[in-house]
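Examination of the molecular architecture
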Amino acid sequence: MDKHEGRDAGTIRLDDPWYDALAVGWGEGEGEGTSPPGPASGGRPAPGASDIYLEVQRSAAFQEVRSRYRRFVVPATAGFFLWYVAYVVAATAAPGLMARPVAGAVNVAMLAGFAQFLSTFLLTWAYARHARLRRDRAALDLRWTVFEQERDQVRNRAREAGR
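An account of the accompanying structure is given in this report. (Residues numbered from 1 in each chain as written. Predicted model: local features only at pLDDT ≥ 70, side-chain atom pairs only at ≥ 80, totals over all residues. Heavy atoms only, no water.)

On the surface, R151, R155, R159 and R163 cluster together into a positively charged patch. If you trace the backbone, R159 turns up in helix α4 (residues 108–162). Among the residues examined, R159 registers a relative accessible area of 53% and is labelled exposed. (Patch = residues over 30% accessible without salt bridge, like charges linked within 9 Å, V, L, I, M, F, W, Y side chains within 5 Å. Areas by Shrake-Rupley, 256 points an atom, 1.4 Å probe, with all protein chains shown as cover. Salt bridge = Lys/Arg side-chain N within 4 Å of Asp/Glu carboxyl O. Lys, Arg positive; Asp, Glu negative; His and termini not counted. Charge placed at Lys NZ, Arg CZ, Asp CG, Glu CD. Helix = DSSP H or I, 4+ residues; strand = E, 2+ residues; numbered from the N terminus. Buried < 20%, exposed > 50% of the residue type's maximum accessible area, 1.4 Å probe, protein only.)

Attention now moves to the packing of aromatic side chains. A complete count under the given rule lists 2 aromatic pairs for this structure. Aromatic pair F72 and Y127: ring centres 5.9 Å apart, planes at 50°, arrangement tilted. Of this pair, F72 sits in helix α2 (residues 60–93) while Y127 sits in helix α4, and the two are 55 residues apart along the sequence. With a relative accessible area of 34%, Y127 lands in the partly exposed category. Where W144 meets F147, the ring centres are 5.4 Å apart and the plane angle is 90°; that geometry is what we call edge-to-face. Taken together, the residues W144 and F147, both in helix α4 and 3 residues apart, mark about one turn of the helix. Given a relative accessible area of 47%, W144 falls into the partly exposed group. (Phe/Tyr/Trp six-rings, centres within 6.5 Å; stacked < 30°, edge-to-face > 60°.)

With that settled, the discussion passes to a nonpolar patch on the surface. A cluster of nonpolar side chains, namely F81, L82, Y84, V85, V88 and V89, defines an oily patch on the protein surface of about 550 Å² accessible area. Looking at where V89 falls in the secondary structure, it is placed in helix α2.

Another point: the pattern of salt bridges. What the rule picks out here adds up to 2 salt bridges. With its nearest N and O atoms 3.0 Å apart, the salt bridge here joins E64 to R68. Here E64 and its partner R68 are both found in helix α2, 4 residues apart, which amounts to about one turn of the helix. Classification of R68 by relative accessible area gives partly exposed; the value is 27%. Here R71 makes a salt bridge to E64, at a shortest N to O gap of 3.5 Å.

Because an α-helix packs 3.6 residues into every turn, residues spaced three or four apart end up facing the same way. In a regular helix each residue adds 1.5 Å, so 55 residues correspond to 81 Å; α4 covers 75 Å between its end C-alpha atoms and thus fits that length. Restricting attention to buried positions, one finds in α4 the residues A112, G113, Q116, S119, H130, A131, R135, L142, V146, E150 and Q153. Looking at the packing, one finds that the buried side of α4 touches α1 (49–58), α2 and α3 (95–98). Where α4 begins, the side chain of N107 points an oxygen toward the backbone nitrogen of A109, at a separation of 3.3 Å. (Expected span 1.5 Å × (residues − 1). Contact = heavy atoms within 4.5 Å. Polar contact = N/O pair within 3.5 Å; in protein donor to acceptor, adjacent residues only side chain to side chain.)

Once that is clear, we can look at the environment of T92. For T92, the location among the structural elements is in helix α2. A distance of 3.2 Å separates a polar side-chain atom of T92 from the backbone oxygen of V89.

Right, let's talk about the packing of α1 against α2 for a bit. The axes of two packed helices give the description: the angle between them and the distance between them. Running from amino to carboxyl end, α1 crosses α2 at an angle of 60°, the nearest separation of the two axes being 5 Å. Put simply, α1 runs oblique to α2. Here V56, Q57 and R58 of α1 come into contact with α2, specifically with A60, F62 and Q63. Of the residues belonging to the contact of α1 with α2, the class tally is 3 nonpolar, 2 polar and 1 charged. (Axes fitted to C-alpha atoms, helices over the stretch in contact; angles between N-to-C directions. Parallel < 35°, antiparallel > 145°, perpendicular 65-115°, else oblique. Nonpolar A, V, L, I, M, F, W, Y, C, P; charged D, E, K, R; others polar.)

Structure (structure tokens):
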């Protein structure tokens, strides 16, 4: 990819591999075949995609998904961070304890280090399980709600443009 210089240094080029053509321009009225929301019947401007997302963000269902996420992530992060700090502090403050042999050449430090890896995998598994059982269905329902509202907007605009 070429280096951008000059006035357009901050713009995204279409050949940028991080450019998501589907996400850019939603509700902005920029692009081929799209027009900004015109007045709906009654003289009010038709709601745009950004209005739909703001409505979903304010909804009780979205707030519930976010609170379920926070109820898992905050304690899990705090617990894992404390466990990691305890390991580092023990390794630096109690080298005699960490050097104590457990079985052959395996000492407490090796077991604690292995437990760090194991706890990482267990936490990843627990997060995926929590997401699957507690959040994914509700998030998918929200996604479908947004999709249906956007589809209805497009249909209404097409009907109004055909008049």
